[in-house]
Amino acid sequence: MLKLLIDADMFVFISCSACEREVDWGNDVWTLHVDFEEAKATFTDKLNYAIVSSLEKLKYNGNFEVIFCFSDVNNFRKKILPTYKANRTGKRKPVCYRALVDWVQENYTSYLRPNLEADDCIGILATMKKNKGKAIIISGDKDLKSIPAYHYDFIH
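Summary of the structure given here. A quick note: this is a predicted structure, and the numbers were derived from the prediction, not measured.

### Comments concerning the overall build of the protein
- Within the protein, the regular secondary structure consists of five helices and seven strands.
- The helix and strand sequence of the protein, counted from the amino end, reads β-α-β-β-α-β-α-α-β-α-β-β.
- Overall, the C-alpha framework of the protein stretches about 60 × 40 × 30 Å when taken along its three principal axes.
- When each of the 156 residues of the protein is scored for burial, the buried share is 38%.
- Restricting the contact set of the protein to residue pairs at least 6 apart, pairs at least 24 apart contribute 71%.
- On the protein, roughly 9500 Å² of surface is accessible, and the fraction owed to carbon and sulfur atoms is 54%.
- Seen as two clouds, the 22 positive and the 21 negative side-chain charges of the protein have centres 10 Å apart.

And the structure:
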């Protein structure tokens, strides 16, 4: 069975970011707002489009399994190189990011391992003997192209 390995961190981030709205409450008070139902719908729409497009690109019409790969909050790379992803320090995740991650993990098949990033999980799953030649990596991360599998860039 074909495995669709989804870079879930990226899908969630993009979906939440697309739904953020500035709200002007007057008197110089501004907030960011996200309608969680809109975020879930955006996530589902982007996901469905990526699945259909990737399967069409491969001309595949058989059974498949979708697996959402997530990053652990802890990362072994930071122990080796404390400056790993230091350029992201102080940058926030979009509003309702954590809530959408939780919703995806509760409603879909997910794969997360301690101290690993989603990229690592995708690499592990794509290169398992039973999945070789039977996996599509769906991500916008060019670094994943080093993994031997079919690839679908849902961003470009």
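Additional details are given in the paragraphs that follow.
### Quick look at helix α4 (residues 97-107)
- The complete set of buried residues in α4 reads Tyr97, Leu100, Val101, Trp103 and Val104. When α4 is viewed along its axis, its buried side chains cluster within an angular range of 165° and face the same direction.
- The elements touched by buried residues of α4 are α1 (8-19), α2 (36-58), β4 (64-69) and β5 (110-111).

### Here we look at the sheet that holds strand β6 (residues 135-138)
- Sheet architecture is open: five strands sit in the order β5-β4-β1-β6-β7, paired in parallel fashion. Two strands bound the open sheet, and with one partner strand each, they are β5 and β7 (150-152).
- Bridge analysis of β4 against β5 gives two bridges, and the strand direction is parallel. Bridge pairing in β5 places Phe68 opposite Ser110.
- Against the sheet, α1 engages β1 (2-7), β4 and β6, with an angle of about 50° to β1.
- Against the sheet, α2 touches β1, β4, β6 and β7, its axis set at about 135° to β7.

### Concerning the pattern of salt bridges
- Applying the stated criterion across every chain, the model contains five salt bridges.
- Of the charged contacts, one joins Lys3 and Glu65 as a salt bridge, the two residues approaching to 2.5 Å between their closest N and O atoms. Linking Lys3 in strand β1 with Glu65 in strand β4, this pair joins segments that are 62 residues apart in sequence.
- Judged by relative accessible area, Lys3 falls into the buried class, the value being 14%.
- Measuring nitrogen to oxygen at the nearest pair gives 3.0 Å for the salt bridge that ties Asp102 to Arg98.

### A short note on the nonpolar core
- Of all hydrophobic cores here, the largest spans 27 residues; its most connected members are Leu4, Ile6, Phe11, Val12, Phe43, Phe68 and Ile138.
- Counting residues per element, this core draws most heavily on α2, at six residues.
- Non-local contacts of Phe68, meaning those with residues more than four positions away in its chain, are made with Ile6, Ala8, Phe43, Leu47, Val104, Tyr108, Thr109, Ser110 and Tyr111.
- In this structure, Leu5, Leu116, Cys121 and Ile137 belong to the second largest nonpolar core, which totals 14 residues.

### Structural notes on a nonpolar patch on the surface
- A cluster of nonpolar side chains, Phe76, Ile80 and Leu81, forms an exposed patch at the surface whose accessible area comes to about 290 Å².
- Here Ile80 shows up in helix α3 (residues 76-80).
- Given the relative accessible area of 64%, Ile80 is considered exposed.

### A short note on the state of the cysteines
- This model, assessed by the stated rule, comprises zero disulfides.
- Among the cysteines around Cys69, which has no disulfide bond, Cys121 carries the closest sulfur, lying 5.6 Å off.
- The exposure class assigned to Cys69 is buried, which follows from its relative accessible area of 0%.

How each quantity is defined
Residues numbered from 1 in each chain as written. Predicted model: local features only at pLDDT ≥ 70, side-chain atom pairs only at ≥ 80, totals over all residues. Heavy atoms only, no water. Helix = DSSP H or I, 4+ residues; strand = E, 2+ residues; numbered from the N terminus. Buried < 20%, exposed > 50% of the residue type's maximum accessible area, 1.4 Å probe, protein only. Contact = heavy atoms within 4.5 Å. Areas by Shrake-Rupley, 256 points an atom, 1.4 Å probe, with all protein chains shown as cover. Lys, Arg positive; Asp, Glu negative; His and termini not counted. Charge placed at Lys NZ, Arg CZ, Asp CG, Glu CD. Arc of directions from axis to C-beta. Pairing = 2+ DSSP bridges. Axes fitted to C-alpha atoms, helices over the stretch in contact; angles between N-to-C directions. Salt bridge = Lys/Arg side-chain N within 4 Å of Asp/Glu carboxyl O. Core = buried A, V, L, I, M, F, W, Y, C linked by side-chain atoms within 4.5 Å. Patch = residues over 30% accessible without salt bridge, like charges linked within 9 Å, V, L, I, M, F, W, Y side chains within 5 Å. Disulfide = S-S within 2.5 Å.

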